[in-house]
Amino acid sequence: MKNIFRILAIAVLALTVSTETVWAGNDARRGTAGAPELLINPWARSAGWGSVNVANAYGLESFFTNVAGLTYVKKTEMAYSYSSYFGGKSALVSAATINAFGLAQRVFDQGVLAVYVMSMGFGEIDVTSYNSPEPGFNGTFSPTYMNINLAYAHSFSSSIHGGAAVKVITESTDNVSATGFAIDAGIQYVTGADDELKFGISLKNIGNTMSFGGSGLSLTMVNDAGNNFTVESRAAEVELPTSMNMGFSYDFLFDKWEQRLTVAGSFTSNAFLKDNFALGLEYSLLNKFQLRGGYVAQRNIFSAFDDARTTANTGFCGGASFEIPLSKDKDNNSSISLDYSYRSAFPLKGTHSIGATIKL
């Protein structure tokens, strides 16, 4: 009980200290960070309730919200997710595609080792230049974002779980690229007679600066004497989008049909964006079907096209999962789950995600 009060006191203190900036973030630095793909949740299950599961994340999807949740992997877990970011062709933009794959393996009684790869593509984009601004005459290029994560999570007791991840970030086109490195860390605390109350905190994307380089930043010119020379531009360095996340969850358990209703909330303090509050609900039936929804609140999220609004997302999200056992043996927890989620946006179309997870 003393530990519960300590965690509550820390959470209250943190919220009190950040009260003046909770709805503001850092105005002077807003939108100046690099690697924005690190802020996009590629996993269908957790995206369905606004990535609110900082306290109760479990399995490979913990890579995005709180890496400590990897400790819930029983033996082996594999997951894949595909997202159509901002929903396909519209009058303004074509969708980006996100592919995520992860593999986790329990290596010790209390330890889990995991790897996760996320790739984001933008299709073929027309090359234009000052002298040839019309599209369709200069070929195309295909930007690619990718990050590779390696993590280890450890259960210090039945109530305290922690984890850390190292990630390599790459962004590239045909002739320009950038590379960065970052770490994530998180901890979860579980209490209650049925482990129904959970708290969590995580730090994400703490790393070095990134800058682009390559032949695409050089230009060959001719001087007055008729000699060729090459001028190379230096790209500015950008910082990574660091964030701190705090969350809680509570499970309402019902014996009939093994029903569960989970209420979860989280607060995200972004170093380069407006801060977010999220609230989500998840209903589970027979431990086989889950229905979830959430809302991510941000200051001025519904403002019209002006400087007050800084995101295309409008906060509403929802999703569902269906889990299929792979064995008739009740003691064998192997299964495959199919997941879907939707995140609303305006004026762009929403984001659809589908995924599958195999537990062995």
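Residues numbered from 1 in each chain as written. Predicted model: local features only at pLDDT ≥ 70, side-chain atom pairs only at ≥ 80, totals over all residues. Heavy atoms only, no water.

*Asks:* Any chance you could explain the overall build of the protein chain here in plain terms?
*Replies:* Scanning the protein chain from N- to C-terminus turns up three helices and 18 strands. For the protein chain, the residues scored as buried account for 41% of the 360 residues in total. The contacts in the protein chain between residues at least 6 apart in sequence include a share of 57% that link residues at least 24 apart. Only carbon and sulfur atoms are counted for the fraction: they give 62% of the accessible area of the protein chain, which is about 18,800 Å². (Helix = DSSP H or I, 4+ residues; strand = E, 2+ residues; numbered from the N terminus. Buried < 20%, exposed > 50% of the residue type's maximum accessible area, 1.4 Å probe, protein only. Contact = heavy atoms within 4.5 Å. Areas by Shrake-Rupley, 256 points an atom, 1.4 Å probe, with all protein chains shown as cover.)

*Asks:* Sorry if this is basic, but what is going on with the nonpolar core here?
*Replies:* Buried together is how nonpolar side chains tend to be arranged in soluble globular proteins. Residues Trp43, Leu60, Phe63, Leu70, Tyr85 and Met120 are the most contacted members of the largest nonpolar core, which totals 27 residues. Within the second largest apolar cluster, seven residues are counted, among which are Ala35, Ile169, Met210 and Leu240. (Core = buried A, V, L, I, M, F, W, Y, C linked by side-chain atoms within 4.5 Å.)

*Asks:* Please explain the confidence of the model for the protein chain as it appears in this structure.
*Replies:* Should the pLDDT be low somewhere, the predicted coordinates at that spot are not to be read in detail. Mean pLDDT for the protein chain: 87, with 89% of residues reaching 70 or above. Predicted confidence in the protein chain is weakest over helix α1 (residues 2-17), with a mean pLDDT of 45, and strongest over strand β3 (residues 111-121), with 97. Low confidence marks residues 4-25, where pLDDT is under 50. Its contacts with residues over four positions away, or in another chain, come to 23 contacts. (pLDDT = per-residue confidence, 0-100.)

*Asks:* So what exactly am I meant to see when it comes to the side chain of Thr76 here?
*Replies:* Mapped onto the secondary structure, Thr76 falls in strand β1 (residues 76-85). Among the polar contacts listed, one links the side chain of Thr76 to the side chain of Gln105, at a separation of 2.5 Å. When sequence neighbours within four positions are dropped, the list of residues in contact with Thr76 reads Leu103, Ala104, Gln105, Ile358, Lys359 and Leu360. (Polar contact = N/O pair within 3.5 Å; in protein donor to acceptor, adjacent residues only side chain to side chain.)

*Asks:* Even after reading the chapter, I still don't get the pattern of salt bridges, so can you show me in this structure?
*Replies:* It is possible for side chains bearing opposite charge to pair when their charged atoms get close. Within the structure shown, the criterion is met by five salt bridges. Residues Asp339 and Arg45 are paired through a salt bridge, measuring 3.3 Å at the closest nitrogen-oxygen approach. Placement of Asp339 in strand β17 (residues 335-345) and of Arg45 in helix α2 (residues 44-47) is noted, with a sequence separation of 294 residues between them. Accessibility classification places Asp339 together with Arg45 in one group, the buried group. In this structure, Asp184 and Lys167 form a salt bridge, with 2.9 Å as the shortest nitrogen-oxygen distance. In this pair, Asp184 is assigned in strand β8 (residues 177-191) and Lys167 in strand β7 (residues 160-172), connecting sequence segments 17 residues apart. Residue class for Asp184 comes out buried when judged on its relative accessible area of 4%. Assessed through its relative accessible area of 5%, Lys167 is described here as buried. Within this structure, Arg260, Glu282 and Arg292 form a network of salt bridges that share partners. (Salt bridge = Lys/Arg side-chain N within 4 Å of Asp/Glu carboxyl O.)

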